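# Structural features, examined
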Amino acid sequence: MIVSVFEGKPQIFLTEQGEGPSMGQPAVFLRLSGCNLFCHWCDTDFTWNWQGTLFKHEKDALPGYKKFEKKNFQQDMTNDQLLSQLEMVSETPRLVVTGGEPLLQEALLLELLKKLQVKVPQLKIEIETNGTKNPSREFFKLPVHFNVSPKLSNSKIPKNLRIKAHVLRSFIDYPDAIFKFVIKTQDDIKELQQLLLEQKIPAEKVWVMPCGTDVPSMDEIAPWLQEEADYARWNYSDRLHIRKNIP
Ligand code: SF4
């Protein structure tokens, strides 16, 4: 599989789940490279914002920012190599597969997850996805929880690319999937309400969390967002990885 590399190391690490239903739980993260979207504010731009591409990222205009040289930010690893790198899940039986968009590599990912589950039957698996790729039915036979994160218009992605009704429907019907949204403004709330109505996403499956790359900016949003969440009966989550400055 094509694994993301950052600061010279494959992105396989032990940390805590920073957000959503399992926030605060120790977890092993595996970050895969490549994405089918190109969100303007993406904080894992090293997984897709390659030199020579025309995708636009908000940082492109910053002095000193350079698009990433693909060969330095990806590593092709066999599933056997990954199994040995993921030995940590025997001690910490929660694996979060993230990206980029992990479902772009779903055949190899499925094979890896099946092998891991045989080795560690109590393993809990979470897959973070942008909700534009329908996983094969095989995933639903594993103990996989999906954190689905459809993008709003602030991503600057055209709606027909970021909202796929048939994919969202599969995740609505799958009991172990939630939808999470990072919220910055009241306009985001209005757009979210419209999207939930349009796609018939039930409130109990919705998790909202404050946008921000540092604690003060998150804390400006958190109080009013918690009120909005209480009123709409959505779930609210903090973002511990920002608060604790952990990967
Ligand atoms: S879907 Fe996720 S990984 Fe892909 S560009 Fe958007 S924020 Fe980044």
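Above: the structure in question.
Here's what I pulled together on the structure shown here. Because the structure is a prediction, the values reported are computed rather than measured. The written sequence of each chain sets the order in which its residues are numbered from 1. Side-chain atom pairs in this predicted model are given and counted only at pLDDT of 80 or more, local residue features only at pLDDT of at least 70, and totals for whole chains, interfaces and linings cover all residues.

## Examining helix 5 (residues 186-199)
Short version of the rule: Helix and strand definitions follow DSSP, with helices as H or I runs of at least four residues and strands as E runs of at least two, each counted in order from the N terminus. Residue count minus one, scaled by 1.5 Å, sets the expected span of a helix. Each residue is classified by how many other C-beta atoms fall within 10 Å of its C-beta atom, where C-beta atoms are placed from the backbone; a count of 20 or more means buried, 12 or fewer means exposed, and values in between mean partly exposed. Here, the arc refers to the directions that run from the helix axis to the C-beta atoms.
Given a rise of 1.5 Å per residue, 14 residues ought to cover 20 Å, and the 20 Å separating the end C-alpha atoms of helix 5 matches this to within 8%. Buried residues of helix 5: Asp188, Ile189 and Leu192, and no others. Looking down the long axis of helix 5, one finds its buried residues gathered within 100° of arc, a one-sided arrangement. Among the exposed residues of helix 5, those pointing more than 90 degrees away from its buried face are Gln186, Asp187, Lys190, Gln193, Gln194, Leu197 and Glu198. Phi turns positive one or two residues past the end of helix 5, at Lys200, with a value near 55°.

## Section: the environment of Pro210
Going by this rule: Here, residues touch in the contact sense if the C-beta positions derived from the backbone fall within 7 Å of one another.
Here Pro210 shows up in strand 10 (residues 206-210). As for Pro210 and Arg239, which are separated by 29 residues in sequence, their C-alpha atoms are 7.5 Å apart. In contact with Pro210, not counting residues within four places along its chain, are Ile183, Met218, Ile221, Ala222, Leu225 and Arg239.

## Considerations on the pairing of strand 10
Defined as follows: Two strands are said to pair when DSSP picks up at least two bridges between them. Here a crossover is taken to be right-handed if, once the strands point away from the viewer, the path from the first strand over the helix to the second is traced clockwise.
Counting buried residues in strand 10 gives 5 out of 5 residues, a clear majority hidden from the surface. Side chains Val206, Val208 and Pro210 project from strand 10 onto one buried face, and the interleaved Trp207 and Met209 project onto a second face that is buried too. Relative to strand 10, strand 9 (residues 177-183) is paired through 5 bridges, and the arrangement is parallel. Across the sheet, Lys180 pairs through a bridge with Trp207, a residue of strand 10. A crossover connection joins strand 9 to the parallel strand 10 through helix 5; in handedness this β-α-β unit is right-handed. Sheet topology places strand 10 next to strand 11 (residues 235-236); 2 bridges connect them, and they run parallel. Counted as the bridge partner of Trp207 is Asn235 from strand 11. Crossover handedness for the path strand 10 to helix 6 (residues 215-232) to strand 11: right-handed.

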